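# What the coordinates show
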Amino acid sequence: MISVKYHVFVCTACKVKGEPTGFCFKKGGQEVLQKFIQEIDDRGLGSDCLVTYTSCFSMCKDGPCAVIYGSAAPGGVWYGKLDEDAVEEICEQHLEGGTPVEKYRI
Ligand code: FES
């Protein structure tokens, strides 16, 4: 079993067979996912963070959205209306600094 400090789940709203559909896909969920992967890699956080893409969280009105679970936030921290700038802030403040970014929380 993999043990990481943070597990980031990003809604990309793809169906099981990979067909793109849904709100978060149309609003940039795939770009948000790619940005998380890139930022985590650029910051050398790969051994502390795992990124997984998901289907719909039923929080579409706040999409693109993500939830981050970790030892500091076992109940999860939910983020919404994400874009690439938001992901950069979340990686810096939350994944590196340990403090959730309030302005993107839902
Ligand atoms: S499509 Fe992302 S929460 Fe519904």
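Residues numbered from 1 in each chain as written. Predicted model: local features only at pLDDT ≥ 70, side-chain atom pairs only at ≥ 80, totals over all residues.

Right, let's get into the overall build of the protein. Scanning the protein from N- to C-terminus turns up three helices and four strands. Secondary structure elements in the protein, listed N-terminal to C-terminal, are β-α-α-β-β-β-α. Across the protein, contacts joining residues at least 24 apart in sequence account for 61% of those joining residues at least 6 apart. (Helix = DSSP H or I, 4+ residues; strand = E, 2+ residues; numbered from the N terminus. Contact = placed C-beta atoms within 7 Å.)

It is worth spelling out the nonpolar core at this point. Val 8, Val 10, Val 32, Phe 36, Ala 66, Tyr 79 and Leu 82 are the most contacted members of the largest nonpolar core, which has 26 residues in total. Elements that contribute at least two residues to this core include exactly strand E1 (6-11), helix H1 (23-26), helix H2 (29-42), strand E2 (49-54), strand E3 (66-70), strand E4 (73-79) and helix H3 (84-96). (Core = buried A, V, L, I, M, F, W, Y, C linked by C-beta atoms within 7 Å. Buried ≥ 20, exposed ≤ 12 C-beta atoms within 10 Å, placed from the backbone.)

Our focus in this paragraph is the packing of H2 against H3. At their nearest, the axes of H2 and H3 sit 9 Å apart, and the two run at 40° to each other. Between H2 and H3, the angle falls in the class oblique. The chirality of how H2 crosses H3 is right-handed. Together, Glu 31, Val 32, Lys 35, Phe 36, Glu 39 and Ile 40 of H2 and Glu 84, Val 87, Glu 88, Cys 91 and Leu 95 of H3 make up the contact between the two elements. A class-by-class count of the residues in the contact of H2 with H3 yields six nonpolar, no polar and five charged. (Axes fitted to C-alpha atoms, helices over the stretch in contact; angles between N-to-C directions. Parallel < 35°, antiparallel > 145°, perpendicular 65-115°, else oblique. Left-handed = near helix turned anticlockwise from the far one by under 90°. Nonpolar A, V, L, I, M, F, W, Y, C, P; charged D, E, K, R; others polar.)

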